[in-house]
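Fold and geometry: a report
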Amino acid sequence: MSVHFNLETSRSPWKFREPRASRFGAVSALVRRARKTIYNRTRMVFFGYNRARRTMNRDHYLALLEIAIAEARSGLAEGGIPIGAALFDHDGKLLGRGHNRRIQEGDPSVHAETDAFRKAGRQRTYRDKIMVTTLAPCWYCSGLVRQFRIGAVVVGESVNFAGGLDWLRENGVAVFDLANQECIDMLADYIDKNPAVWHEDIGED
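Just so it is clear, the model here is predicted, and its values are computed rather than measured. (Residues numbered from 1 in each chain as written. Predicted model: local features only at pLDDT ≥ 70, side-chain atom pairs only at ≥ 80, totals over all residues. Heavy atoms only, no water.)

1. Remarks on the packing of helix 5 (residues 112-119) against helix 6 (residues 139-147)
Between two packed helices, both the angle of their axes relative to each other and the distance between the axes serve to describe the pair. Condition: The angle between two axes is taken between their N-to-C directions and runs from 0 to 180 degrees, where each axis is a line fitted to C-alpha atoms and a helix contributes only its stretch in contact. Secondary structure is summarised from DSSP: a helix means a run of H or I of at least four residues, a strand means a run of E of at least two, and numbering begins at the N terminus for each. For this analysis, residues touch if any pair of their heavy atoms sits within 4.5 Å.
It is the contact of helix 5 with helix 6, at a shortest axis distance of 9 Å, that shows an interaxial angle of 35°. Where helix 5 approaches helix 6, its residues Glu-113, Thr-114, Phe-117 and Arg-118 are matched on the opposing element by Tyr-140, Cys-141 and Leu-144.

2. Some details on the side chain of Thr-133
Heads up, the condition is: Whether a residue is buried, partly exposed or exposed follows from its accessible area with a 1.4 Å probe, protein chains only, as a fraction of its type maximum: under 20%, in between, or over 50%, in that order. Counted as a polar contact is a pair of N or O atoms within 3.5 Å, where, for protein atoms, one must be capable of donating a hydrogen and the other of accepting one, and residues adjacent in sequence contribute only when both atoms are in side chains.
Relative to the elements of secondary structure, Thr-133 occurs in strand 3 (residues 130-133). The buried category is assigned to Thr-133, whose relative accessible area is 0%. A polar contact of 3.1 Å, which involves the side chain of Thr-133, links it to the backbone oxygen of Leu-135. For Thr-133, the residues in contact, after removing those within four places along its chain, are Leu-65, Ala-68, Ile-83, Gly-84, Ala-85, Glu-113, Val-154, Val-155 and Gly-156.

3. Re the pairing of strand 1 (residues 84-88)
Put simply, the test is: A pair of strands is considered paired only if DSSP assigns at least 2 bridges between the two.
Counting buried positions along strand 1 gives five out of five residues, so the element sits mostly inside the fold. Every second residue of strand 1 is oriented toward a common face, with Gly-84, Ala-86 and Phe-88 on one face and Ala-85 and Leu-87 on the other, all of them buried. As defined by bridge partners, strand 1 adjoins strand 2 (residues 94-99) across five bridges and the pair is classed as antiparallel. Residue pairing across strands places Phe-88 opposite Leu-94, the latter belonging to strand 2. Hairpin geometry of strand 1 and strand 2 is characterised by an intervening segment of five residues between the two adjacent antiparallel strands and by a positive phi of about 90° at Gly-92. Across four bridges, the pairing between strand 1 and strand 3 is antiparallel. The residue bridging Ala-85 from the neighbouring strand is Thr-133, located in strand 3.

4. Let's talk about the pattern of salt bridges
Here is the rule we go by: We count a salt bridge whenever a side-chain nitrogen from Lys or Arg sits within 4 Å of a carboxyl oxygen from Asp or Glu.
Under the criterion given, the structure shown has nine salt bridges. Of the charged contacts, one joins Arg-102 and Glu-200 as a salt bridge, the two residues approaching to 2.8 Å between their closest N and O atoms. In this pair, Arg-102 is assigned in helix 4 (residues 102-105) and Glu-200 in helix 9 (residues 195-201), connecting sequence segments 98 residues apart. Arg-102 sits in the buried class, given a relative accessible area of 9%.

5. Observations concerning the nonpolar core
The criterion, for reference: Think of a nonpolar core as a cluster: buried Ala, Val, Leu, Ile, Met, Phe, Trp, Tyr and Cys residues, connected wherever their side-chain atoms sit within 4.5 Å.
Counting 30 residues, the largest nonpolar core has Ile-83, Met-131, Ile-150, Val-153, Leu-187 and Trp-198 as its most contacted members. Put simply, the parts of the chain that give this core at least two residues each are strand 1, helix 5, helix 6, strand 4 (152-155), helix 7 (165-170), helix 8 (181-193) and helix 9. With residues up to four places along the chain from it excluded, the contact list for Met-131 reads Ala-85, Ala-86, Leu-87, Glu-113, Phe-117, Leu-144, Ile-150, Ala-152, Val-153 and Val-154. Core analysis: the second largest hydrophobic core is formed by 16 residues, Ala-68, Phe-88, Val-132 and Val-154 among them.

6. A few points about the packing of aromatic side chains
How we decide: Under the pairing criterion, centres of Phe, Tyr and Trp rings, with the six-membered ring standing for Trp, must be within 6.5 Å; the plane angle then separates stacked pairs below 30 degrees from edge-to-face pairs above 60, leaving the rest tilted.
Considering all chains together, one arrives at six aromatic pairs under this definition. An aromatic cluster is present here, built from Phe-117, Tyr-126 and Phe-148 joined pairwise through their rings.

7. Some points on the environment of His-111
The residue His-111 is located in the loop between helix 4 and helix 5 in this model. According to the relative accessible area criterion, His-111 is buried, its value standing at 7%. Contacts of His-111, omitting those with residues within four sequence positions, involve His-99, Asn-100, Arg-102, Cys-138, Tyr-140, Cys-141 and Asp-201.

8. Some details on the side chain of Arg-101
Within the secondary structure, Arg-101 sits in the loop between strand 2 and helix 4. Overall, the relative accessible area of 16% leaves Arg-101 in the buried class. Among the polar contacts listed, one links the side chain of Arg-101 to the side chain of Asp-115, at a separation of 2.9 Å. Ignoring any residue separated from it by four or fewer positions in sequence, one finds Arg-101 in contact with Glu-78, Gly-106, Asp-107, Val-110, Asp-115 and Lys-119.

9. Regarding helix 3 (residues 58-77)
Going by this rule: What a helix is expected to span follows from its residue count: subtract one and scale by 1.5 Å.
The terminal C-alpha atoms of helix 3, which comprises 20 residues, lie 28 Å apart, in line with the 28 Å expected from a rise of 1.5 Å per residue. Those residues of helix 3 that fall on the buried side of the exposure criterion are Tyr-61, Leu-64, Leu-65, Ala-68, Ile-69, Glu-71, Ala-72 and Gly-75. At the N-terminal end of helix 3, a side-chain oxygen is found 3.1 Å from the backbone nitrogen of Asp-59, two or three residues along, and the residue is Asn-57. Of the residues flanking the end of helix 3, it is Gly-79, one or two places downstream, whose phi is positive at about 90°.

The structure is reproduced here in structure tokens:
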């Protein structure tokens, strides 16, 4: 027995309708695509910023903070605001370091975090990167962390300025506040001597 298909109606002796199959095929493709997207995002989360969380402890973070503190000291020696930062990968490899240069360069956009971020150059992904800074990042720098999905932020202190730490936590960023006394004292002393510059830097009248 031979079976003949009618190409015009897409029908066979078994009443198979090609258009219907195409619809199911399209839905199936969407489901497969959605599953793949969920898998990839889950994989990036687990192997991305969660990797930074799992491979570091307080002692490691304190060691990384020393580089940011050195940057803050450099900024202070230049006559600037003593805030330093550094960007690392999940293994603690230094990618970029910098400090606040508002006074030195007359550029209000050069905060410590943005300076370190620029010095690090282009990165394929930031999900497994760690931003270390002597002070809790302001809203401007917190926005940078969220924009590029930096996985973890380590701050030397949040006593002088709390910044956007709560917002970062609410959005899934791993935040570690080390409450470092040197960071607290260095900035507190500067603010006491230069209140106008400090308020300018954080955008307060």
